[in-house]
Amino acid sequence: MTQTNHAGELVGTSHGDAADGPSKKLRQLADLPGPRGLPLIGNALQIKKRHLLHQQLEQWSREFGNYYRFQIGRTKLLVIADHSVFAKILRDRPDGFNRTQRLAETWHALGLPVGLFGANGEVWKRQRRMVMAGFDPAHVKGYFPAMCKVVGRLESRWKKSQGSEIDLQADLMRFTVDTITGLAFGADVNTLGSGDDVIQRHLDKIFPAVFRRNLSMIKYWNYVRLPSDRALDRSVAAVRLAIQGFIAAARQRIEQHPGLRHEPGNLLEAMISAADQGDSGLTDADVAGNVMTMLLAGEDTTANSLAWLLALLWENPAVLKKLQAEVDAKFALDTPYSIERLNQLDYMDACINESMRLKPVAPFLPMQASRDVIIEDIQVPADTIIFGLFRSDSVDEKFVPNAASFDPQRWISQGESGQSINSVKRISMPFGAGPRICPGRYLALLEMKIALTMLLTRFEIDRITTSDGQPAQEFMAFTMAPLGLKMRLKSKN
């Protein structure tokens with residue numbers, strides 16, 4: 001029996017039911033174009049720089065089209081660069097498509113608890129309800145004073161550094177680690193003030209390692225432990241210990257103040273309260289996995305998105321000037337931060353959206369088909385790994401006029417090209433789409449807006465550059481980061 005699912009053109013087909021499918025001739029994966037590989041290793045040698053994998057996949061899409069295949073070792077992969085089809089696949093999660101089994105194996109092999117990011121099926125559905133309990137607007141509003149406290153620390157740090165070069169990403173990582181540990185776990189680690197960046201230092205080892213191992217052709221670490229693998233083990237152990245401490249402290253607060261079950265003070269308390277409900281089916285292991293997910297989402301993605309935005313603003317002084325004028329009109333030096341006032345910064349929202357269109361921190365997403373499906377005219381067997389490219393169409397002139405230019409105005413009004421705002425939104429999907437869209441997107445945007453508002457009200461940007469004076473290079477290590485950005489500031493007061 002052939003079943004048309006809610007993804008529209010995607011058709012799930014049981015084994016042996018091909019005769020019931022569409023009348024048009026179907027292509028197999030082997031029929032698709034793609035780079036020529038070598039026996040046993042496939043195209044592994046053609047991916048010379050793993051940190052530029054996203055650029056290689058985008059280059060191949062320009063050469064072979066919206067659908068092509070490549071191979072790493074014995075693993076055959078399908079790449080989809082058509083944003084409309086990719087969006088349908090995203091909406092068919094978690095039933096038709098899921099995170100790859102390799103990601104789960106990598107996560108488990110490291111001894112890391114699996115949270116919402118890596119969970120699949122019914123486990124994901126249960127965890128999703130728990131996590132979303134901490135992201136409702138009332139809870140986010142309750143976390144806001146803690147966010148203001150952390151951005152004040154970032155301001156103090158930058159005041160001490162004015163006139164000298166600031167390692168932009170390192171400071172933004174400290175800011176996001178302090179924010180997420182405060183908002184999500186009620187822990188005041190203060191890496192901005194003390195310089196003690198233990199959690200950040202360990203996370204900086206773990207997430208790139210997950211990326212490398214997830215793409216490795218040979219699992220050498222199962223047989224030989226290199227010094228880097230032993231260092232990774234120590235980082236995993238340190239982060240697991242920190243997570244256990246966050247959970248124990250939150251449970252102690254809830255025991256001492258039972259009212260926190262109904263009015264939690266942070267995301268972790270909200271997740272524990274949701275997990276403790278009799279029918280939740282969740283345990284502290286699920287909570288621990290989502291603490292790890294919060295650290296992932298709260299550190300790398302937000303910090304790198306903000307770094308890319310600042311780099312693009314500096315390269316486009318007219319845009320920076322217009323944004324400065326909007327911020328000055330809403331915030332004087334002594335104007336307190338508020339969610340309501342930050343949400344009035346429409347041009348800032350447009351700048352953030354435009355930056356994420358050009359520099360999405362997740363330029364591609366690997367997924368695995370949960371069943372036999374037909375994607376357009378391609379027969380895709382169950383368990384096939386699919387790489388969906390987020391950025392290909394977002395920077396293509398066929399879909400976005402003046403696609404290479406940083407033009408936030410396209411997110412505010414219909415331009416001379418006649419392209420509607422909604423059409424740009426459908427093409428650019430930095431937070432994903434469908435049921436697995438990032439649950440923390442609103443919190444991440446708020447974090448970016450308060451940091452940028454602080455910067456523009458308290459400082460003048462003297463310069464943002466790299467060591468060679470060239471635009472920042474893209475570097476893929478779990479998320480796509482700008483390489484080597486330095487910033488120099490002058491205080492306004």
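Reading the values: the criteria
Residues numbered from 1 in each chain as written. Predicted model: local features only at pLDDT ≥ 70, side-chain atom pairs only at ≥ 80, totals over all residues. Heavy atoms only, no water. Helix = DSSP H or I, 4+ residues; strand = E, 2+ residues; numbered from the N terminus. Rg over C-alpha atoms; globule rule 2.2 N^0.38 Å. Buried < 20%, exposed > 50% of the residue type's maximum accessible area, 1.4 Å probe, protein only. Contact = heavy atoms within 4.5 Å. Areas by Shrake-Rupley, 256 points an atom, 1.4 Å probe, with all protein chains shown as cover. Pairing = 2+ DSSP bridges. Axes fitted to C-alpha atoms, helices over the stretch in contact; angles between N-to-C directions. Salt bridge = Lys/Arg side-chain N within 4 Å of Asp/Glu carboxyl O. Phe/Tyr/Trp six-rings, centres within 6.5 Å; stacked < 30°, edge-to-face > 60°. Lys NZ or Arg CZ within 6 Å of the ring centre and 35° of its normal. Left-handed = near helix turned anticlockwise from the far one by under 90°. Core = buried A, V, L, I, M, F, W, Y, C linked by side-chain atoms within 4.5 Å. 1 Å grid on protein atoms, 1.4 Å probe; cavity = no way out; pocket = protein on both sides within 12 Å on 5 of 7 lines; lining within 4 Å. Points joined across faces, edges and corners; volume = space filled by probe spheres on them. Nonpolar A, V, L, I, M, F, W, Y, C, P; charged D, E, K, R; others polar. Parallel < 35°, antiparallel > 145°, perpendicular 65-115°, else oblique. Patch = residues over 30% accessible without salt bridge, like charges linked within 9 Å, V, L, I, M, F, W, Y side chains within 5 Å. Expected span 1.5 Å × (residues − 1). Lys, Arg positive; Asp, Glu negative; His and termini not counted. Charge placed at Lys NZ, Arg CZ, Asp CG, Glu CD.

So, the overall build of the chain
When helices and strands are counted, the chain shows 16 helices and 14 strands. Compactness check: the chain gives a C-alpha radius of gyration of 23 Å against a globular reference of 23 Å for 493 residues, within 12% of the reference. Taking the principal axes of the C-alpha coordinates as reference, the chain spans close to 70 × 60 × 45 Å. Residues classed as buried in the chain amount to 54% of the 493 residues present. The long-range fraction of contacts in the chain, counting pairs at least 24 apart against all pairs at least 6 apart in sequence, stands at 73%. Entry remark: accessible area of the chain is about 21600 Å², with carbon and sulfur atoms responsible for 52%.

What to know about the sheet that holds strand β11 (residues 459–465)
Pairing within the open sheet is antiparallel, and its 3 strands lie in the order β6-β14-β11. The strands lining the two open edges of the sheet, one partner per strand, are β6 (166–167) and β11. Pairing analysis gives 6 bridges linking β11 to strand β14 (residues 486–491), with the strands arranged antiparallel. Looking at the pairing, I461 lines up with L489 of β14. Contacts from helix α5 (residues 137–161) reach β6, β11 and β14 within the one sheet, and its direction differs from that of β11 by about 70°.

Thoughts on the pattern of salt bridges
The tally for this structure, following the rule as stated, stands at 22 salt bridges. Between E165 and R463 there is a salt bridge, and its shortest N-O distance comes to 3.1 Å. Of this pair, E165 sits in the loop between α5 and β6 while R463 is found in strand β11, placing the two residues 298 residues apart along the sequence. Using a relative accessible area of 45% as the deciding quantity, one classes E165 as partly exposed. What makes R463 partly exposed here is its relative accessible area of 31%. A network of salt bridges, in which partner residues are shared, links E58, K359, R391 and E474.

Remarks on the packing of aromatic side chains
Enumeration over the complete set of coordinates arrives at 9 aromatic pairs. These aromatic residues form a ring-pair network of at least three members: W60, F64, Y68, F70, F364 and F387. The aromatic ring of F331 is capped on one face by R341, whose charged end is 5.9 Å from the ring centroid.

Some points on the packing of α5 against helix α16 (residues 441–458)
The axes of two packed helices give the description: the angle between them and the distance between them. Packing of α5 against α16 brings their axes to within 10 Å, and their N-to-C directions diverge by 35°. Considering the relative orientation of α5 and α16, their crossing is right-handed. Contacts between α5 and α16 involve V140, F144, M147, C148, V151, L154, E155 and W158 from the first element and Y442, L443, L446, E447, I450, A451, M454, L455 and R458 from the second.

Re the nonpolar core
Side chains of nonpolar character tend, in soluble globular proteins, to be buried together. Judged by nonpolar contacts, the single largest core of 117 residues is most densely connected at L57, W158 and L268. Non-local contacts of L57, meaning those with residues more than four positions away in its chain, are made with Y68, F70, V79, F364, F387 and L389.

Notes on the sheet that holds strand β10 (residues 385–389)
Note on sheets: strands pair through backbone hydrogen bonds, and any given pair is parallel or antiparallel. Taken together, the 5 strands give an open sheet; going across it, the order is β3-β4-β10-β7-β5, and neighbouring strands pair in mixed fashion. The open sheet is flanked by β3 (67–72) and β5 (97–98), the only strands paired with a single partner. As defined by bridge partners, β3 adjoins strand β4 (residues 75–80) across 6 bridges and the pair is classed as antiparallel. Looking across to β4, one finds that Y68 is bridged to V79.

Examining empty space enclosed by the protein
Across all of its chains, the model carries 2 cavities of 30 Å³ or more by this definition. Taken as a whole, the second largest cavity encloses approximately 30 Å³ of empty space. Around the second largest cavity, the lining residues are M356, R357, P360, F390, S394, S428, M429 and P430. Residue composition of the lining of the second largest cavity, by class: 5 nonpolar, 2 polar and 1 charged.

Description of the packing of helix α6 (residues 168–185) against α16
Running from amino to carboxyl end, α6 crosses α16 at an angle of 130°, the nearest separation of the two axes being 12 Å. With respect to their mutual orientation, α6 and α16 come out oblique. Taken as a pair, α6 and α16 cross one another with a handedness that is right-handed. Here F175, T176, T179 and L183 of α6 come into contact with α16, specifically with L443, E447, I450 and A451. Tallied by class, residues from the contact of α6 with α16 come to 5 nonpolar, 2 polar and 1 charged.

Some remarks on a nonpolar patch on the surface
A cluster of nonpolar side chains, namely M217, I218, Y220, Y223, V224 and L226, defines an oily patch on the protein surface of about 620 Å² accessible area. As for its placement among the helices and strands, Y223 is situated in the loop between α8 (198–215) and α9 (227–256). For Y223, a relative accessible area of 70% puts it in the exposed group.

Description of α9
Helix length check: α9, at 30 residues, gives a terminal C-alpha distance of 44 Å against a target of 44 Å (1.5 Å per residue), a fit within 8%. All of the buried residues in α9 are D229, A231, L232, S235, V236, V239, I243, F246, I247, A250 and I254.

Observations concerning a positive patch on the surface
Residues R201, K205, R230 and R234 make up a contiguous surface patch of positive charge. Sorting the residues of the positive patch by element identifies α8 and α9 as the ones contributing at least two each. Secondary-structure assignment places R230 in helix α9.

What to know about the environment of I374
Mapped onto the elements, I374 comes out in strand β8 (residues 373–375). Overall, the relative accessible area of 2% leaves I374 in the buried class. Residues I374 and H51, 323 residues apart in the sequence, show an inter-C-alpha distance of 31 Å.

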